[in-house]
Amino acid sequence: MIIKKFTGKTEEDAVEAARKELGSGIVIMNVKTVKNKGLAALFRPRQMEVTVALEEESDTVQVGQREIGSRSARGAALEEGQRISGGGEGRLSGRDREAAAEDRESIERKLDNLQNLLVSRFQQSEAERRELQEEDGEGYSEEEPQEETPEEREEVNEQQRFLKLLYNTMLDSEIDEKYANQIVDEIDMGGQSNLPFDYILANVYQKMILKFGRADGIPEAEGSPRIVIFMGPTGVGKTTTIAKIASNYVVEEKKKVALLTADTYRISAVDQLRTYANILEVPFRVIYSEEEVRTAIGEFADFDYIFIDTAGHSHQNEEQLEHMRKMLEAVAQAGESQAFLVLSATTKYRDLLRIVSCYREIADFQLIFTKLDETEVLGNLLNLKLYADTPIAYVTYGQNVPNDIERFNPQKTVKQILSNKQERNS
């Protein structure tokens, strides 16, 4: 596992630098603005810093025994990954070594509380296991020896039991069993039977982050408006989600945004989006046909973004899906466009699979999950990301506009899944 930071004038520049050095297989794990300090702040513009990860199949980290000193095992694993990628620490510049150290410290801080929680659970389960063994021993008679099965004869060490705890935690968070098995099977133990818990946890944590990946979100408009269409079942919060995203672009980014709605089935949806448009002081149109879509997009040709709300369709209604397909074709012909499929985190897994299966027949899309504040488990986010093979761009956790929305954060979500609890947003 290689984890490294890159900086550039823009996010795109930093990502390009990362791809030049590490290749196209990188996963962007974090993006932030770096402020210059001292006199440099007066003469140099702010830069963007991206943290990327790269998993190499040939990277096998050998960790012998548990380390008790100040250098943790997960720090050793990260150090080794950077050594393999950079050909040894001697080839790293002072800035690179400082960035590598910051990466290790950041990951360790994020894992500390989670590790303490899981180790506490493990110790509790170990105590219960020993208690059961003692009870079985008291009832065991030497006069009636019992033949052990091959499974019973196989020694199960602490490492395997801790990995089993992580596996069960994933299942408790409603991660599909096949995906939980994939994650566990991909953990490289290097033939060791005494790896530290923090090394195992760090590997599981990073595997899950890499599986989530990172979405591009909505690219910056260049020359012509970026047309964004939002689709999904009824009642998932599409209209409110559009209002939240539009508010950010209008208020924070000072962009020109137009709002369109094709949801002519519900008067309340039209009125709701019109109200938000009035508050934001942006143009609003109701569209009834593909031709009206083209006309409206042409009318706002000098805008930065055009957001289109659509009617909530049943994924079982082929006629409605065909209408949506024609709408998407009209939008694609009118300019640069993209689609988001909005899903509720409270929807049953089986229904989510059916919804995604139907919509991916008519469009490519990124995912938005809503109503995270209404569920206690987030395993379906990973399930649907892997099933649809498309990234999650945004998550929402309430009705407040423009708040209660954020870009999807894989690190935060993985921590919530492995701790099996929600972190409420203030």
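This section reports on the structure supplied with the text. As the structure is a prediction and not an experimental result, all values here were calculated from the model.

Here is what the cut-offs are and how they apply
Residues numbered from 1 in each chain as written. Predicted model: local features only at pLDDT ≥ 70, side-chain atom pairs only at ≥ 80, totals over all residues. Heavy atoms only, no water. Helix = DSSP H or I, 4+ residues; strand = E, 2+ residues; numbered from the N terminus. Buried < 20%, exposed > 50% of the residue type's maximum accessible area, 1.4 Å probe, protein only. Contact = heavy atoms within 4.5 Å. Axes fitted to C-alpha atoms, helices over the stretch in contact; angles between N-to-C directions. Left-handed = near helix turned anticlockwise from the far one by under 90°. Nonpolar A, V, L, I, M, F, W, Y, C, P; charged D, E, K, R; others polar. Pairing = 2+ DSSP bridges. Right-handed = clockwise from strand over helix to strand, strands pointing away. Salt bridge = Lys/Arg side-chain N within 4 Å of Asp/Glu carboxyl O. Core = buried A, V, L, I, M, F, W, Y, C linked by side-chain atoms within 4.5 Å.

With that settled, the discussion passes to the side chain of Thr261. Considering the arrangement of structural elements, one finds Thr261 in strand E5 (residues 257-261). Relative accessible area serves as the criterion here: at 0%, Thr261 is assigned to the buried category. Setting aside residues up to four positions removed in sequence, Thr261 forms contacts with Val270, Leu273, Phe284, Arg285, Val286, Ile287 and Asp309.

Now for unusual backbone geometry. Cis rather than trans, the peptide bond between Val401 and Pro402 has omega equal to 10°. Tracing the backbone through its elements, the reader meets Pro402 in the loop between strand E10 (392-396) and strand E11 (405-407). In this structure, Glu174 takes a positive phi of about 70° despite not being glycine. With respect to the helices, strands and loops of the structure, Glu174 is situated in the loop between helix H6 (158-172) and helix H7 (177-185). With a phi close to 60°, Asp404 is a non-glycine residue in the positive phi region. With respect to the element layout, Asp404 can be found in the loop between E10 and E11.

Before going further, it helps to spend a moment on the packing of H6 against helix H8 (residues 197-212). Axis separation between H6 and H8 bottoms out at 10 Å; the angle between their running directions is 35°. Considering the relative orientation of H6 and H8, their crossing is right-handed. Residues Glu158, Gln159, Phe162, Leu163, Leu166 and Met170 of H6 pack against Phe197, Ile200, Leu201, Val204 and Met208 of H8. Of the residues that constitute the contact of H6 with H8, the class distribution is nine nonpolar, one polar and one charged.

Right, let's get into the pairing of strand E9 (residues 366-370). Of all five residues making up E9, five are buried, and the element is well covered by its neighbours. Burial of E9 is two-sided: the residues Gln366, Ile368 and Thr370 facing one way and the residues Leu367 and Phe369 facing the other way are all buried. Here strand E8 (residues 337-344) pairs with E9 via five bridges, running parallel. Along E9, the bridge assignment pairs Leu343 with Phe369. On the question of chirality, the crossover connecting E8 to the parallel E9 by way of helix H13 (residues 349-359) is right-handed. As paired strands, E9 and E10 are joined by three bridges and run parallel to one another. Of the residues in E10, the one forming a bridge with Ile368 is Tyr394. In this fold, E9 hands off to helix H14 (residues 379-388), which returns the chain to E10; that crossover is right-handed.

As a further point, take the pattern of salt bridges. Within this structure, the stated rule accounts for 10 salt bridges. Glu49 serves as the salt-bridge partner of Lys5, at 3.7 Å between the closest nitrogen and oxygen. With Lys5 in strand E1 (residues 2-8) and Glu49 in strand E3 (residues 47-54), this residue pair connects regions lying 44 residues apart in the sequence. Of the two residues, Lys5 and Glu49, both sit in the buried class. Note that Asp271 is salt-bridged to Arg274, the shortest N-O span being 3.2 Å. Highlighted residues: Asp271 and Arg274, both in helix H10 (residues 267-280), separated by three residues, approximately one helical turn. When its relative accessible area of 33% is taken as the criterion, Arg274 is described as partly exposed.

Before going further, it helps to spend a moment on the nonpolar core. The biggest cluster of nonpolar side chains holds 68 residues, and the ones touching the most others in it are Met208, Met231, Phe369 and Leu381. Looking at which element gives the most residues to this core, the answer is H8, with nine residues. When residues no more than four places from it in sequence are discounted, the contact partners of Phe369 are Leu343, Ser344, Ala345, Asn380, Leu381, Leu384, Ile392, Tyr394, Val395 and Thr396. Counting 27 residues, the second largest nonpolar core, distinct from the first, contains Val250, Val282, Phe340 and Ala393.

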